[in-house]
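Now for the letters of each chain:
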Protein chains: 2
Amino acid sequence: MALIVTGTIGIDTVYTPTGHAERVLGGSGTYFAAAASFYGPVRLVAAVGDDFPPAFMGTLGHFRGVDMAGLEVRRGSRTFAWGGKYHPDMNGRDTLFTELGVLAETPPKVPETFRDSRFVFLANTHPSVQLGMLEQLTARTLAVADTMDLWINTAKADLLVLLRKVDGLVLNFDEAELLTGKRNPVSAGRHILEMGPRFVVIKKGEHGALLVHHDGIAALPAYPTENVVDPTGCGDTFAGGMMGALASSPSPDPGAMSSIRSALAHGTIVASFNIESFSLERLKTLTKREIDARVAEYAAMIRV
Amino acid sequence: MALIVTGTIGIDTVYTPTGHAERVLGGSGTYFAAAASFYGPVRLVAAVGDDFPPAFMGTLGHFRGVDMAGLEVRRGSRTFAWGGKYHPDMNGRDTLFTELGVLAETPPKVPETFRDSRFVFLANTHPSVQLGMLEQLTARTLAVADTMDLWINTAKADLLVLLRKVDGLVLNFDEAELLTGKRNPVSAGRHILEMGPRFVVIKKGEHGALLVHHDGIAALPAYPTENVVDPTGCGDTFAGGMMGALASSPSPDPGAMSSIRSALAHGTIVASFNIESFSLERLKTLTKREIDARVAEYAAMIRV
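The text that follows walks through the structure, step by step, so that each part is easy to find. (Residues numbered from 1 in each chain as written. Chains lettered and ligands numbered in written order. Predicted model: local features only at pLDDT ≥ 70, side-chain atom pairs only at ≥ 80, totals over all residues.)

## What to know about the packing of helix α3 (residues 127-135) of chain A against helix α5 (residues 156-163) of chain A
Residue and element names in this part refer to chain A. It is at 8 Å that the axes of α3 and α5 come closest, and there the two elements cross at 30°. Looking at the two axes, α3 sits roughly parallel to α5. The hand of the α3/α5 crossing is left-handed. Across the interface between the two elements, P127, S128, Q130 and L131 of α3 pack against D158, L159, V161 and L162 of α5. Tallied by class, the residues present in the contact of α3 with α5 amount to five nonpolar, two polar and one charged. (Axes fitted to C-alpha atoms, helices over the stretch in contact; angles between N-to-C directions. Helix = DSSP H or I, 4+ residues; strand = E, 2+ residues; numbered from the N terminus. Parallel < 35°, antiparallel > 145°, perpendicular 65-115°, else oblique. Left-handed = near helix turned anticlockwise from the far one by under 90°. Contact = placed C-beta atoms within 7 Å. Nonpolar A, V, L, I, M, F, W, Y, C, P; charged D, E, K, R; others polar.)

## What about the interface of chain A and chain B?
When the parts come together, some accessible area is lost, and that loss is often what is quoted as the size of the interface. Between chain A and chain B, the contact holds 26 residues from the first and 26 residues from the second. Of all the secondary-structure elements, those providing two or more residues to the side of chain A that touches chain B are α7 (185-194), β13 (216-220), α9 (257-274) and α11 (288-301) of chain A. In terms of residues, the side of chain A that touches chain B owes the most to one element, β13(A), which gives four residues. Split by residue class, the side of chain A that touches chain B holds 15 nonpolar, six polar and five charged.

## Observations regarding the sheet that holds strand β10 (residues 168-172) of chain B
All names here are of chain B. Pairing is mixed in the open sheet, where nine strands are placed in the order β5-β4-β1-β8-β9-β10-β11-β12-β13. Each edge of the open sheet is held by one strand with a lone partner, namely β5 (66-74) and β13 (216-220). Pairwise comparison of adjacent strand axes, ignoring direction, gives a mean angle of 15° for this sheet. Two strands pair when backbone bridges link them, and strand β12 (residues 209-213) and β13 are joined in this way by five bridges, in the antiparallel orientation. When the sheet's bridge partners are listed, L211 is paired in β13 with A218. Running over the sheet, helix α8 (residues 234-247) touches β1 (3-6), β4 (42-49), β8 (119-122), β9 (142-146), β10 and β11 (199-203) and is turned about 170° from β8. (Pairing = 2+ DSSP bridges.)

## Details of helix α5 (residues 156-163) of chain B
All names here are of chain B. Taken together, the buried positions of α5 are L159, L162 and L163. Buried residues in α5, looked at end-on, bunch into an arc of 95°, giving them a common side. Of the surrounding elements, those touching the buried residues of α5 are α3 (127-135), β9, α4 (149-154) and β10. (Buried ≥ 20, exposed ≤ 12 C-beta atoms within 10 Å, placed from the backbone. Arc of directions from axis to C-beta.)

In structure tokens:
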């Protein structure tokens, strides 16, 4: 069933302990859509400036499942750009610069042809913008949002309104702690459920993820790998793999505990491929067959 | 088959963010033996001073599977005592004081009647002492050692000799990194296998554990719980549950990947009960039925 993502397309400059990449394709919408495209069509709503390199448009086009009818190329505007440097253990990073560009302008519109989307992912942006997007998508059956510390600190009231309208929330553990004041991830998850969603996925980076759902709890380790090049986009590819798997699943209740749990294994594995390169290099050569093989390997690794 | 542990019995003073306990029963051998006793008999080799409180002897006696024939009570000596304070997130701790007492004396002897032990756990102490213990246990089929940063820094040559003689090593991630110089846990694990053992279990506290084995890799999250009182002894109860499960298993090859993986689920769950109280309070009321029920719940939580 139709999946839509609203997010950013950006130009990233990334430094990791083992290398760096300058002005490469990035952004939450980009990573999410590329990851989800392995499972079926995905509609991307985002804006770029007229400085957006044609080569990057070609990269987006490489992911054939991505429907770019919601991509606005704005004359006289600049594309969002971000630079970051990862800490030696790659568990944290510092932002070097942020050039908001089109992100400081009016959000992109959801095209009429996208209004019938059933699966909705609202990548991280101001919660009032997320809410505006959500309200245009009245045919939704499952809506999931991401958020970040900036909005928890500066727009909590808007975020709380949003949380009453989404089915799921995906966020990092630090952010869950900030949102709830609870250090324990299970306690933080339960607290967030009281704010509205049916489930919350607390991401812990290399330590995996915790699903706290109305109907139970699931714990998933990350895929153990030595091949770690650049964590940029792993949260978004994780969400993309998860939502792609949900949207392509025949489950009559995609928000059910068992559906989300299986989908999280796919998110974990798509992210484990993404971390193997800068930008979308690894995803460009990735196949669904490779994903399925690693999902099976992962399922065996975590069986007890 | 007969399981033996060589380790410490101590008197602990512990401060956590939610409370404290003064001069309570602790020590690696104590926690290990209590945990393993749910699976069958376990032989404890350790020494205490004549200051060791009779009430603590009663607590040890409460765990009926623990064979105390290897417990030396030394006249004129003092029992090992340790004080520690956990950080607010309970992932780290500072040592407040250490009174070595009997630990500064000759190590306890392995009784003749214990020499036929098949399963051996060498809890953390100087690797040359571990080696001395190991050499007395010539009937062993599976020997596993713990270690710590102190010995990696001060007795690495002895540790490397030990590693060529044990089947498995259990240690914290920080210690694995220190031992190998590798930040990536899979890389660190593979490096340790080159030092001799057939498998290594890298403990990550609340983030679970990674098994790197000659025959593959397994990742286990911790049991997600809100009931966190005191992490003291969790590493030792984890090892005790693991070794107890291995010693009581009918597997013809207890060191095989599948055997270790299943045993680690038991270690994870016994540790998850231990964290619910100070000292051995929770283990004193724990039943094997409760362990098995939570192991089943855990297996469902990590299934994808």
